[in-house]
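The lines below spell out each chain.
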Amino acid sequence: MSNTASTPYIMYGIKNCDSIKKARRYLEENNISYQFHDYRVDGIDDALLSTFIAHLGWEVLVNKRGTTWRKLSDEQKNAVIDDNSAKKVLLAEPTMIKRPILVSADKRYLIGFSADEYQQFTQ
């Protein structure tokens, strides 16, 4: 069991995402306190996205399996080649950011959801 009082978490994503729903259910069922940051409600800015890129890498952040990515033209897809080009497309389309991103109070970052990884991350 995590000592949640001293290590709160912030989860980033969009609330209607299935992975977000699973991750939130896991945290709630395990009595792990967290704050939820919804890109659609709370937004995302250059500074936050830059922090994600610094900790996780742009290649991991860009969700190439999602419908938003698939709707891009080949030219747009091929233009995503580095931090700056990824940031430009992710700021324009935050739903393309792979989710969830879970950040601990001590600034550790976890992307995606797996119960095993969440268990290790929140201990």
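Residues numbered from 1 in each chain as written. Predicted model: local features only at pLDDT ≥ 70, side-chain atom pairs only at ≥ 80, totals over all residues. Heavy atoms only, no water.

Draft legend 1. Structural detail: the side chain of N63. Considering the arrangement of structural elements, one finds N63 in the loop between α4 (58-61) and α5 (67-71). Within the structure, N63 has its side chain in polar contact with the backbone nitrogen of G66 (distance 3.4 Å). Aside from chain neighbours lying at most four places away, what touches N63 is W69, M96, I97 and K98. (Helix = DSSP H or I, 4+ residues; strand = E, 2+ residues; numbered from the N terminus. Polar contact = N/O pair within 3.5 Å; in protein donor to acceptor, adjacent residues only side chain to side chain. Contact = heavy atoms within 4.5 Å.)

Draft legend 2. Structural context of helix α3 (residues 46-56). Inspection of α3 places L48, L49, F52, I53 and L56 among the buried residues, and these make up the whole buried set. Summarising the axial view, the buried residues of α3 lie within an arc of 140°, below the 170-degree limit, and thus occupy one face. Opposite its buried face, α3 presents the exposed residues A47 and A54, each directed more than 90 degrees away. Immediately downstream of α3, the backbone of G57 shows phi near 90°, a positive value. (Buried < 20%, exposed > 50% of the residue type's maximum accessible area, 1.4 Å probe, protein only. Arc of directions from axis to C-beta.)

Draft legend 3. View of helix α7 (residues 83-92). Burial in α7 covers these residues: S85, A86, K87, V89 and L90. Where the residues of α7 are buried, they touch α3 and α4. In this structure D82 caps α7, since a side-chain oxygen of it lies 3.3 Å from the backbone nitrogen of N84.

Draft legend 4. Representation of the confidence of the model for the protein within the structure. Mean pLDDT over the protein stands at 93; residues scoring 70 or higher make up 94%. Every residue in residues 1-5 is under pLDDT 50, and counting partners more than four places away or in other chains gives eight contacts. (pLDDT = per-residue confidence, 0-100.)

Draft legend 5. Layout of the side chain of D38. With respect to the secondary-structure elements, D38 resides in strand β2 (residues 34-38). Buried within the structure, D38 lacks any salt-bridge partner; K15 is the closest side chain of opposite charge, at an N-O distance of 5.5 Å. With near-sequence residues (within four places) excluded, D38 lies in contact with G13, I14, K15 and G43. (Lys, Arg positive; Asp, Glu negative; His and termini not counted. Salt bridge = Lys/Arg side-chain N within 4 Å of Asp/Glu carboxyl O.)

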